[in-house]
Amino acid sequence: MECKENVIHYLSWGFIVSGVAYLLRQTRTQTPYGRYVTSDGTPGRTCPAKLAWFLQELPSFLVPMLLLLSTDTQPSLGKDLLLWTFCLHYFQRTFIYSLLTKGRPSPLYIVFSAVVFCSVNGFLQGHYMLHCATYNDAWQTDIRLYTGLLMFFLGMAINIHSDHILLNLRKPGEVVYKIPKGGMFEYVSGANFFGEILEWCGYALATWSLPTFSFALFTMCSIGPRAYHHHRYYQEKFEDYPRSRKAVIPFIL
């Protein structure tokens, strides 16, 4: 398949513009998900948490894999980076995390929006890395590649460990929210969000391209405010909430 440069260009800039727009929107209103879903404030049908996570994350894994299987590509660094970063992350989110999550049901329109975004992004990342990205031999010793990969796998470890803490925060049958402790939660309220942001910033650095940068920026704009909302929620709900904790970036924000 030939590289669709115009499609890649427009989709990338679409992510950048829509990410900034979504960030501005979240400064005025709060997306109803998880603890913020209320029966009276969010009309419409919902989807069970496990199924919602599976359905909305699946396209990010499935679309690149279908592109890979349907394309006769030679071994390349772009292909390896796609498999061992982007696809690895979404394999974990789709087939492991979705089975473990204990979250509340998600509104169907949010699940549908996530499916659309993940399908488009799966195509953008998969098509670019398989059919457009070119890396010369010098890139294999470039500091950006190794720094980016270090950031990615460190972020993935933080993300998975933080999710583990959250999943085990409450005993079976409990419905109350508690203060998460341990790991990066000692520094930020949104440790799982910080880990994912670090992942995709590392991915963008290692691949050094507009499509991957646009995805990293969209991620920051979409889940960064969620960390802030969680931070504010904890501060308002718990009088003993640690004052030293930041929202999403340790020691800074």
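Residues numbered from 1 in each chain as written. Predicted model: local features only at pLDDT ≥ 70, side-chain atom pairs only at ≥ 80, totals over all residues. Heavy atoms only, no water.

1. Let's talk about unusual backbone geometry
Trans is the prevailing form of peptide bonds, just as negative phi is the prevailing case for residues other than glycine. A positive phi angle, near 50°, is found at Trp208, a position not held by glycine. As for its position among the elements, Trp208 is in the loop between helix 6 (191-207) and helix 7 (210-237). A positive phi angle, close to 70°, is found at Phe251, a residue other than glycine. Among the secondary structure elements, Phe251 is positioned in the segment after helix 7. Residue classification places Phe251 among the exposed residues on the basis of a relative accessible area of 66%. (Helix = DSSP H or I, 4+ residues; strand = E, 2+ residues; numbered from the N terminus. Buried < 20%, exposed > 50% of the residue type's maximum accessible area, 1.4 Å probe, protein only.)

2. Focus: a nonpolar patch on the surface
A cluster of nonpolar side chains, contributed by Phe91, Phe95, Ile96, Leu99 and Leu100, occupies part of the molecular surface with about 450 Å² of accessible area. Position of Leu99 relative to the elements: it lies in helix 3 (residues 77-100). (Patch = residues over 30% accessible without salt bridge, like charges linked within 9 Å, V, L, I, M, F, W, Y side chains within 5 Å. Areas by Shrake-Rupley, 256 points an atom, 1.4 Å probe, with all protein chains shown as cover. Salt bridge = Lys/Arg side-chain N within 4 Å of Asp/Glu carboxyl O.)

3. Quick word on the environment of Phe193
Turning to its location among the elements, Phe193 is positioned in helix 6. Assessed through its relative accessible area of 10%, Phe193 is described here as buried. On a C-alpha basis, the gap between Phe193 and Val248 in space is 7.0 Å, while along the polypeptide they are 55 residues apart. Setting aside anything within four residues of it in sequence, one finds Phe193 in contact with Ile223, Arg226, Ala227 and His230. (Contact = heavy atoms within 4.5 Å.)

4. Some thoughts on the nonpolar core
Of all hydrophobic cores here, the largest spans 27 residues; its most connected members are Phe86, Met129, Trp200 and Tyr203. Breaking this core down by element, the ones donating at least two residues are helix 1 (5-26), helix 2 (49-69), helix 3, helix 4 (108-132), helix 5 (143-167), helix 6 and helix 7. The residues touching Met129, leaving out its near neighbours within four places in the chain, are Gly78, Lys79, Leu81, Leu82, Tyr135, Tyr203 and Thr207. If you look at the next biggest cluster of nonpolar residues, it comprises 13 residues, including Ile165, Phe194, Ile197 and Leu198. (Core = buried A, V, L, I, M, F, W, Y, C linked by side-chain atoms within 4.5 Å.)

5. A closer look at the side chain of Arg93
Its place among the elements puts Arg93 in helix 3. Given the relative accessible area of 5%, Arg93 is considered buried. A distance of 3.3 Å separates the side chain of Arg93 from the side chain of Asn159, its partner in a polar contact. (Polar contact = N/O pair within 3.5 Å; in protein donor to acceptor, adjacent residues only side chain to side chain.)

6. Describing the environment of Leu100
Along the chain, Leu100 falls in helix 3. Here Leu100 falls in the partly exposed class, since its relative accessible area comes to 46%. Along the sequence, Leu100 and Leu150 sit 50 residues apart, while their C-alpha atoms lie 26 Å from each other. Each residue touching Leu100, except ones within four places of it in the same chain, is listed here: Lys50 and Leu167.

7. Examining the packing of aromatic side chains
In this description, an aromatic ring pair is defined by two values, namely the gap between the centres and the angle between the planes. Applying the stated criterion across every chain yields a total of 23 aromatic pairs. Centroid distance Phe86 to Phe215: 6.0 Å. Interplanar angle 70°. Geometry classified as edge-to-face. Of this pair, Phe86 sits in helix 3 while Phe215 sits in helix 7, and the two are 129 residues apart along the sequence. The same class applies to Phe86 and to Phe215, which are both buried. Plain terms: the ring middles of Trp200 and Tyr203 are 5.3 Å apart, the flat faces sit at 80° to each other, and that makes the pair edge-to-face. Here Trp200 and its partner Tyr203 are both found in helix 6, 3 residues apart, which amounts to about one turn of the helix. (Phe/Tyr/Trp six-rings, centres within 6.5 Å; stacked < 30°, edge-to-face > 60°.)

8. Quick look at the UniProt feature "transmembrane region" (unreviewed entry) in the chain
Using the residue numbers shown here, the UniProt feature "transmembrane region" (unreviewed entry) corresponds to residues 7-24, 106-124, 145-162 and 203-223. Helix makes up 100% of residues 7-24 and strand 0%, with an end-to-end C-alpha separation of 26 Å. Helix makes up 89% of residues 106-124 and strand 11%, with an end-to-end C-alpha separation of 26 Å. (UniProt positions renumbered as here; feature names shortened; annotations may be inferred.)

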